[in-house]
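Descriptive structure summary
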Amino acid sequence: MIRKVRSHITQNEPLLFETSSPGKIGYQLPELDVPAVDPAAVLGKENTRGEIEDFPEISEVEAIRHFTRLSTYNYAIDLGLYPLGSCTMKYNPRVNEAVARIDGLAWAHPYQPESLSQGALEIMATLEAALAEITGMDAVTLQPAAGAHGEFTGIQLVRALHQARGNARKKVLIPDSAHGTNPATARMAGYEVENIPSNERGMIDIEALDRLCTEDTAALMITNPNTVGVFEENITRIAEILHAKGAMVYMDGANMNALVGIARPGDFGVDVMHLNLHKTFSTPHGGGGPGSGAVAVKSHLEPFLPTPRLRRAENAWTWDYDRPSSIGKVRAFYGNFGVLVRALAYIMAHGGAGLRNATMDALLNANYIRAKLEPHFEHPHRAPTMHECVFSDEIQARHGVRTGDIAKRLIDYGFHPYTVSFPLIVHGAMMIEPTETEGKRELDLFIDAMISIAAEAVENPELVLKAPHSTRTSRVDEVMAARKPIVRWKPGAEAPGAND
Ligand SMILES: *Cc1c(COP(=O)(O)O)cnc(C)c1O
């Protein structure tokens, strides 16, 4: 088996400020052959500025090399497997990019009149309908810009419904396996958070839920499959318990990659959910770029959806602002349109059977990794894996090697690390999500790397503890980075060393 070796330029790249030398420029213009005009005299002094203090002066090739080198520092899905659990880092088919770059879409402006935006509106209406069909829900808003934003929108809808019924209620129930954004959302929406323990199989403890769910419960926020990668077997019973008390079921749909084309949340009792279009529907993400946290609801929550809503009037699409029960706008304009175009391109390129196939492949890949790694790593929840699998570092920890160390060592083997120490209910968690876009060869390379690291942890733990060895910067002081972040370069300030 050939192991992957990553090649890269080895020198560290200084900041442009540090390479600057006075008088260097990146362009040459011909001599001015018209009378010079003082811009301040024309525009006014307050509208012009002179030199920018300490602005770097460099040549064109230095600027090009600087940014090109920095671009090689990044790991990317186009380079290899990106097994970051819960993040669904799948390959983004290039057809999505081709469609998103069509002039009429890429240059569309939200202030264009409706009559000139019919194509864009049709795209959004078609996407809403497709997502409603995929989730089994009745209506969809495309406004929220990310998953957490979708959660916030969804819980506002729940609050609005309860308020309309005369009592906003006090509590939101959240399982201990939940993503951190769930309790944060509930708190921001003004609810108290109550924790529900998981049982030994990583599922919601039904008896505890039954006990904790009261007339004061606004909703349960549940991720299904949950963050342990396990499908909540009792999901319809869970929904019955909530509904019997007049409470709603909110589903965090970030893990829809395990369900698309196979199971629909609307069919198993979910009232409201968000989708991460930038996860399940392949838009590239990471680094804080644009996303989409579309929210799907059952009809009883539809009147509260953010305004405006798309409406078909005679032969054209129009925005309907006349929605008296709406929670209002949650974002400027209509959502991250470029992301919406990519998501629809992805859905239409696959078709129903293709989407189902993608899901089956995602499950197959995760289970292949689970089966191959089970002899080498502790697998605490012995339920069938869905689209991701969660191991613990228990075996390696006996040699002092923890999940974070194994993750760092993976970098030396040419892979992006898996998700470290999440979910919190698994001690020393290693959360691996391959997605459907990986072929067997890439999966085998990853498995080989993991097995090799498991052996290193026993034979030569120091090698793993000091990893990564192949990068420009090795371990950074994570505590200092969090407590005393240096976010701005200042002239004359001492630069922190690469390894301190
Ligand atoms: C990614 C994720 C979120 C948050 O989505 P963002 O788009 O990052 O805001 C919420 N819940 C789960 C389970 C996730 O995996």
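Structure: see above.
None of these values were measured; they are calculated from a predicted model.

Concerning helix α6 (residues 118-135)
Working note: α-helix, 3.6 residues per turn, so residues spaced by three or four point in the same direction. With 18 residues, α6 extends 26 Å between its outermost C-alpha atoms, agreeing within 8% with the 26 Å of an ideal straight helix rising 1.5 Å per residue. Buried residues of α6: Ala120, Leu121, Ile123, Met124, Ala125, Leu127, Glu128, Ala130, Leu131, Ala132, Ile134 and Thr135, and no others. Gly136 sits one or two residues past α6 and shows a positive phi near 75°.

Considerations on the site of the ligand
Surveying the vicinity of the ligand reveals the residues Ser86, Ala146, Gly147, Ala148, Glu151, His179, Thr181, Asp252, Ala254, Asn276, His278 and Lys279. Within the side chain of Asn276, one N or O atom sits 3.0 Å away from an oxygen atom of the ligand. For the ligand, an oxygen atom lies 2.8 Å from a polar atom in the side chain of Lys279. Coverage of the ligand by the protein chains reaches 84% of its 380 Å² of free accessible surface. No other element matches the three residues that helix α7 (residues 147-164) contributes to the shell around the ligand. Residues of the shell around the ligand, tallied by class, amount to three nonpolar, six polar and three charged.

Re empty space enclosed by the protein
All chains considered together, the criterion is met by four cavities of 30 Å³ or more. Computed from the structure, the largest cavity encloses a volume of approximately 80 Å³. Around the largest cavity sit Met124, Glu128, Val140, Thr141, Leu142, Gln143, Pro308, Arg309, Leu310, Trp319 and Tyr334, which together line it. Mapped by element, the contributors of at least two residues to the lining of the largest cavity are α6, β1 (139-141) and β8 (309-313). The class makeup of the residues in the lining of the largest cavity is seven nonpolar, two polar and two charged.

Overview of unusual backbone geometry
The peptide bond linking Thr307 to Pro308 adopts the cis configuration, its omega dihedral lying at -5°. Residue position: Pro308 is located in the loop between β7 (295-297) and β8. Look at the link from Phe422 to Pro423: it is a cis peptide, with omega at 0°. For Phe333, which is not a glycine, the phi torsion comes out positive at approximately 55°. Mapped onto the elements, Phe333 comes out in the loop between β9 (316-320) and α12 (337-373). In this structure Phe333 comes out as partly exposed when scored by relative accessible area, which is 29%.

Scoring rules and cut-offs
Residues numbered from 1 in each chain as written. Predicted model: local features only at pLDDT ≥ 70, side-chain atom pairs only at ≥ 80, totals over all residues. Heavy atoms only, no water. Helix = DSSP H or I, 4+ residues; strand = E, 2+ residues; numbered from the N terminus. Expected span 1.5 Å × (residues − 1). Buried < 20%, exposed > 50% of the residue type's maximum accessible area, 1.4 Å probe, protein only. Near = heavy atom within 4 Å. Polar contact = N/O pair within 3.5 Å; in protein donor to acceptor, adjacent residues only side chain to side chain. Areas by Shrake-Rupley, 256 points an atom, 1.4 Å probe, with all protein chains shown as cover. Nonpolar A, V, L, I, M, F, W, Y, C, P; charged D, E, K, R; others polar. 1 Å grid on protein atoms, 1.4 Å probe; cavity = no way out; pocket = protein on both sides within 12 Å on 5 of 7 lines; lining within 4 Å. Points joined across faces, edges and corners; volume = space filled by probe spheres on them.

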